[in-house]
Amino acid sequence: MRVVVPFAAEQPKTRLADVFTPAERRELARVMLDDVLRALREAGHTPEVLTTATIDVNVPTIVDDRPLNAAVNAVLADGSPVAVVMADLPLATPDAFARLFASDADVVLAPGRGGGTNAFVTRHSSFRVDYHGASYRDHRERAREVGASVATIDSHRLATDVDESTDLVEVLLHGTGETRRWLEERGVRLDTSGDGRVGIRRDDTTAV
Ligand SMILES: Nc1nc2c(ncn2[C@@H]2O[C@H](COP(=O)(O)OP(=O)(O)OP(=O)(O)O)[C@@H](O)[C@H]2O)c(=O)[nH]1
Ligand SMILES: C[C@H](OP(=O)(O)O)C(=O)O
């Protein structure tokens, strides 16, 4: 099955502007992409990157500068089974991906924290994406509308996409790949000083 990884190459991770400079956000996006590609390869897949601009990466790329939905739906228009896996899932492991691919439902969804769709498999030629907002809920409805059977994968590792600074807590606690190392090298640390949830701070800046 084709496995396609959408990647915003140019101004990624804008919701992390309170923690990282634009250059750091590009680096972070790339190191997360590399972690995802490594886990997919170790799970036995041959991923392709669907990127908004040319990047130097040792897997096949499709360059498409249209918005996310248009670019992914152009891939789905082929009608063949395909998996779409977001590039910002640094906790993803081969075992977590194996669960995604093990289900034989027509549409298999891995929801993200906060309502998104972090990965899916479709074996139904009419299924199309409608990302943003509560896209997990929207994708379930879309799948049902086209008569597809639907399964949901309950996985902390696949549900953890890195959008906001609080998501970095999960990477520092549970990461096993390069993204955790990259964060630690840049002085990103757990902040356990508060009474409530653990946060993050940077050694070289004020707490965030
Ligand atoms: N090909 C493609 N991929 C995209 C596009 N927008 C986002 N992505 C990818 O889709 C996944 C989820 O996107 P977001 O969480 O919105 O990531 P982002 O756009 O880098 O972050 P924000 O600027 O904070 O929204 C990530 O793998 C992105 O790299 C796009 O327009 N085209
Ligand atoms: C693309 C979007 O990602 P999020 O903004 O939820 O990370 C979604 O999954 O619908």
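These lines cover the structure that appears in this document, whether it is placed above or below. Remember, predicted model here, so these are calculated numbers, not experimental data. (Residues numbered from 1 in each chain as written. Chains lettered and ligands numbered in written order. Predicted model: local features only at pLDDT ≥ 70, side-chain atom pairs only at ≥ 80, totals over all residues. Heavy atoms only, no water.)

1. Considering the side chain of Asp 64
- Topologically, Asp 64 is positioned in the loop between β3 (61-63) and α2 (68-76).
- There is a polar contact of 2.8 Å between the side chain of Asp 64 and the side chain of Arg 66.
- Ignoring anything within four residues of it in the chain, the contact list for Asp 64 reads Leu 50, Thr 51, Thr 52 and Ala 71. (Helix = DSSP H or I, 4+ residues; strand = E, 2+ residues; numbered from the N terminus. Polar contact = N/O pair within 3.5 Å; in protein donor to acceptor, adjacent residues only side chain to side chain. Contact = heavy atoms within 4.5 Å.)

2. Re the nonpolar core
- Grouped together as the largest cluster of nonpolar side chains are 49 residues, with contacts concentrated most on Phe 7, Leu 33, Val 85, Phe 97, Leu 100, Phe 120 and Leu 158.
- Sorting elements by how many residues they give to this core places helix α1 (residues 22-42) first, with 6 residues.
- Ignoring any residue separated from it by four or fewer positions in sequence, one finds Phe 120 in contact with Leu 76, Val 82, Ala 83, Val 84, Leu 100, Val 108, Leu 109, Phe 127, Val 129 and Tyr 131.
- Phe 20, Val 31, Met 32 and Val 162 belong to the second-largest nonpolar core, a separate cluster that totals 15 residues. (Core = buried A, V, L, I, M, F, W, Y, C linked by side-chain atoms within 4.5 Å. Buried < 20%, exposed > 50% of the residue type's maximum accessible area, 1.4 Å probe, protein only.)

3. Structural notes on the site of ligand 1
- Neighbouring residues of ligand 1: 16 residues in total, closest Ala 8, Thr 14, Arg 15, Leu 50 and Ala 87.
- Compared with its free state, where it exposes 610 Å², ligand 1 has 84% of that area covered by protein.
- Its residues placed into classes, the shell around ligand 1 shows 9 nonpolar, 2 polar and 5 charged. (Near = heavy atom within 4 Å. Areas by Shrake-Rupley, 256 points an atom, 1.4 Å probe, with all protein chains shown as cover. Nonpolar A, V, L, I, M, F, W, Y, C, P; charged D, E, K, R; others polar.)

4. Looking at the site of ligand 2
- All residues in the neighbourhood of ligand 2 are listed as Arg 15, Leu 68, Gly 116, Thr 117, Tyr 131, His 132, Ser 135, Asp 161 and Asp 163.
- At a separation of 3.2 Å, an oxygen atom of ligand 2 approaches a polar side-chain atom of Arg 15.
- The separation between an oxygen atom of ligand 2 and a polar side-chain atom of Asp 163 is 2.8 Å.
- A molecule is said to occupy a pocket when more than half its atoms come within 2 Å of that pocket's grid points, and by this definition ligand 2 occupies the largest pocket. (1 Å grid on protein atoms, 1.4 Å probe; cavity = no way out; pocket = protein on both sides within 12 Å on 5 of 7 lines; lining within 4 Å. Sits in = over half its atoms within 2 Å of the grid points.)

5. Some points on the sheet that holds strand β1 (residues 2-7)
- Spatially, β3-β2-β1-β4-β6-β5-β7 is the arrangement adopted by the 7 strands of the open sheet, whose pairing is mixed. Strand pairing shows two members of the sheet lacking a second neighbour, β3 and β7 (150-152), which therefore form its edges. Strand-to-strand, the axes of this sheet are offset by a mean angle of 20 degrees, without reference to chain direction.
- Across 3 bridges, strand β2 (residues 47-51) lies against β3 in parallel orientation. (Pairing = 2+ DSSP bridges. Axes fitted to C-alpha atoms, helices over the stretch in contact; angles between N-to-C directions.)

6. Details of the environment of Asp 34
- Within the secondary structure layout, Asp 34 lies in helix α1.
- For the pair formed by Asp 34 and Asp 130, sequence separation is 96 residues and the distance between their alpha carbons is 25 Å.

7. Description of the packing of aromatic side chains
- Tallying each qualifying case throughout the model produces 2 aromatic pairs.
- Ring centres of Phe 20 and Trp 182 lie 5.4 Å apart, and the angle between their planes is 65 degrees; this geometry places the pair in the edge-to-face category. In this pair, Phe 20 sits in the loop between β1 and α1 while Trp 182 sits in helix α7 (residues 178-185), placing the two residues 162 residues apart along the sequence.
- With relative accessibility at 3%, the residue Phe 20 sits in the buried group.
- Between Phe 120 and Phe 127 the ring centres are 5.5 Å apart and the planes differ by 70 degrees, which places this aromatic pair in the edge-to-face class. (Phe/Tyr/Trp six-rings, centres within 6.5 Å; stacked < 30°, edge-to-face > 60°.)

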